[in-house]
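If you want the building blocks of each chain, they are given just below.
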Amino acid sequence: TLACVGVVMVGSASVSIAGEYGVSAFHYLGRHVFFIGVGAVLALWLMRTELKIIEHRGQWLLLACFALLLAVFLPGLGVEVNGARRWITLGLSNFQVVEAVKLLLIVWLASYLKRYSDEVTATWKAMLKPIGAVLLMVVLLLAQPDFGSASLLLAITGGMLVLGGVNMPRMFGPMLGLLPLLAVVAIAEPYRMRRLTSFLDPWADPFNAGYQLTNALMAVGRGEWFGVGLGGSVQKLSYLPEAHTDFILAVIAEEFGFVGVCAVIGLFALLVGRALWLGLQCVRMRRHFAGYCAFGIALWIGLQSFVSIGVNLGLLPTKGLTLPLISSGGSSVLMTCVAMGLLLRVSYELDRA
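Remember, predicted model here, so these are calculated numbers, not experimental data.

Asks: I'd like to hear about the sheet that holds strand β3 (residues 94–96), residue by residue, with values.
Replies: Here 3 strands make up an open sheet; going across it, the order is β1-β2-β3 and the pairing antiparallel. A single partner strand is all that each edge strand has here, and the edge strands are β1 (78–81) and β3. Within the sheet, the average angular offset between the axes of one strand and its neighbour, ignoring direction, is 50°. Sheet topology note: the strand β2 (residues 84–89)/β3 ladder contains 3 bridges and is antiparallel. Each bridged residue has a counterpart across the sheet, and for Ile88 the counterpart in β3 is Phe95.

Asks: Give a description of the nonpolar core that names residues and reports values.
Replies: Leu103, Met137, Met160, Trp300 and Leu342 are the most contacted members of the largest nonpolar core, which totals 99 residues. Look past the residues within four positions of Leu103 in its chain and what remains in contact with it is Ile297, Trp300, Met335, Val338, Ala339 and Leu342.

Asks: Any details on the packing of aromatic side chains? Residues and values, ideally.
Replies: Given two aromatic rings, one states the distance between the centres and the angle between the planes to describe the pair. Here the structure, examined in full by the defined rule, presents 5 aromatic pairs. Summarising the aromatic geometry, the rings of Phe34 and Phe35 are spaced 5.4 Å apart at their centres and angled 70° between planes, so their arrangement reads as edge-to-face. When the centroid spacing of 6.5 Å and the interplanar angle of 40° are considered together, the rings of Tyr292 and Phe295 count as tilted. Taken together, the positions of Tyr292 and Phe295, both in helix α14 (residues 288–312) and 3 residues apart, correspond to about one turn of that helix. When its relative accessible area of 5% is taken as the criterion, Tyr292 is described as buried. Clustering of aromatic rings is evident, with ring pairs tying together Trp108, Tyr112 and Tyr116.

Asks: For the packing of helix α5 (residues 58–71) against helix α6 (residues 97–115), give the residues involved together with the corresponding values.
Replies: Close contact between α5 and α6 brings their axes to 8 Å; oriented N to C, the two are set at 150°. Relative to α6, the element α5 lies roughly antiparallel. Handedness of the α5/α6 crossing: left-handed. Between α5 and α6, the residues in contact are Gly58, Gln59, Leu61, Leu62, Ala64, Cys65, Leu68 and Leu69 and Val97, Ala100, Val101, Leu104, Leu105, Val107, Trp108, Ser111 and Arg115, respectively.

Asks: Describe in detail the side chain of Glu255, supporting the description with residues and values.
Replies: Tracing the backbone through its elements, the reader meets Glu255 in helix α13 (residues 248–284). The class for Glu255 is buried, based on a relative accessible area of 1%. Among the polar contacts made by the side chain of Glu255, one reaches the side chain of Ser12 at a distance of 2.9 Å.

Asks: Could you give an account of the layout of surface pockets, naming the residues involved and the relevant values?
Replies: Reported here for the second largest pocket is a volume of approximately 500 Å³. If you trace the second largest pocket, you find 20 residues lining it, with Leu271, Leu325, Met340, Leu343 and Leu344 closest to the centre. Residue assignment for the lining of the second largest pocket shows that the elements contributing at least two residues are α1 (2–13), α3 (27–47), α13 and α15 (330–352). For the lining of the second largest pocket, the element with the most residues is α13, which contributes 6 residues. Residues that form the lining of the second largest pocket fall into these classes: 16 nonpolar, 3 polar and 1 charged.

Asks: Kindly report on a nonpolar patch on the surface, identifying the contributing residues and their values.
Replies: Among the surface-exposed residues, Val162, Met168, Phe172, Leu176 and Leu179 lie close enough to one another that they form a single nonpolar patch of about 430 Å² accessible area. The leading source of residues in the nonpolar patch is helix α10 (residues 168–188), at 4 residues. Following the sequence through the fold, Val162 ends up in helix α9 (residues 147–163).

Cut-off values and rules
- Residues numbered from 1 in each chain as written.
- Predicted model: local features only at pLDDT ≥ 70, side-chain atom pairs only at ≥ 80, totals over all residues.
- Heavy atoms only, no water.
- Pairing = 2+ DSSP bridges.
- Helix = DSSP H or I, 4+ residues; strand = E, 2+ residues; numbered from the N terminus.
- Axes fitted to C-alpha atoms, helices over the stretch in contact; angles between N-to-C directions.
- Core = buried A, V, L, I, M, F, W, Y, C linked by side-chain atoms within 4.5 Å.
- Buried < 20%, exposed > 50% of the residue type's maximum accessible area, 1.4 Å probe, protein only.
- Contact = heavy atoms within 4.5 Å.
- Phe/Tyr/Trp six-rings, centres within 6.5 Å; stacked < 30°, edge-to-face > 60°.
- Parallel < 35°, antiparallel > 145°, perpendicular 65-115°, else oblique.
- Left-handed = near helix turned anticlockwise from the far one by under 90°.
- Polar contact = N/O pair within 3.5 Å; in protein donor to acceptor, adjacent residues only side chain to side chain.
- 1 Å grid on protein atoms, 1.4 Å probe; cavity = no way out; pocket = protein on both sides within 12 Å on 5 of 7 lines; lining within 4 Å.
- Points joined across faces, edges and corners; volume = space filled by probe spheres on them.
- Nonpolar A, V, L, I, M, F, W, Y, C, P; charged D, E, K, R; others polar.
- Patch = residues over 30% accessible without salt bridge, like charges linked within 9 Å, V, L, I, M, F, W, Y side chains within 5 Å.
- Areas by Shrake-Rupley, 256 points an atom, 1.4 Å probe, with all protein chains shown as cover.
- Salt bridge = Lys/Arg side-chain N within 4 Å of Asp/Glu carboxyl O.

Any functional reading would require information that these geometric values do not contain.
Next up, the structure:
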């Protein structure tokens, strides 16, 4: 259902930007549907792959994470867009590597937590190993730079360690120690500092630092209770930047109102809640790898959608994270579909067990 909402809203929100770039009005819609189709094929393939096969390749997946994050810095392979090196070229399209890293990290963490479940709860070394690995990834992401994805990877890792039974007081020591470091990184760059302060009062500078958020809030306000109707958004007509990607929820709010936004939030809550319940059932049946995979995917979808919705409503500073399954984007749509395929495999094996 979320994917169907995404197809409709990408078609509605991308018409204006397609005109600006001189392409067909349905260029971004066709591209979005293509990546959903490829993602569905990959999801079907993963649904037919036994979890034990994936689990046995867990350590190789960690190496793949670092290889992908380093690939963006290779001349001829890495692509720079707007001063950031987050993509690699695949010929027909660019691929944002961190989208694959999110899923690969979750699978590796699930494998690690199963293999070292007793040590993780009892020793510092076993607990600090995944934190250290993720910190190295964060350094590579900050070099791109991609502060939003770096924060998301840290949050997913912390959440999976907690759900994996790590000793809470022991884990909070390193995590609390990281907070001042993240704060320094956040304010080191002037553009990050502007993002952190402008969302508190976007109307103070509505034509510069607060431009995106003021237009998003006008879209939300104009939608009122039931919206102005599909296709009736004014803000998407070259006023609201990134209307078909980062700020697509604002277009949903304008065209379908408060009721439409609540429906989208409800669908995400249902998906994440179901994934968490699935993980809990797997752990109860001592299928720990499957359970931790479900927990990780639930954390990923839940945290990313929470941040994206919060940014659109002015509750959080701009992070550049898309709304899973709804926002236009090749890499994000593709890897989210693959994650859904893994989740369906977990559900199938649980039912069979």
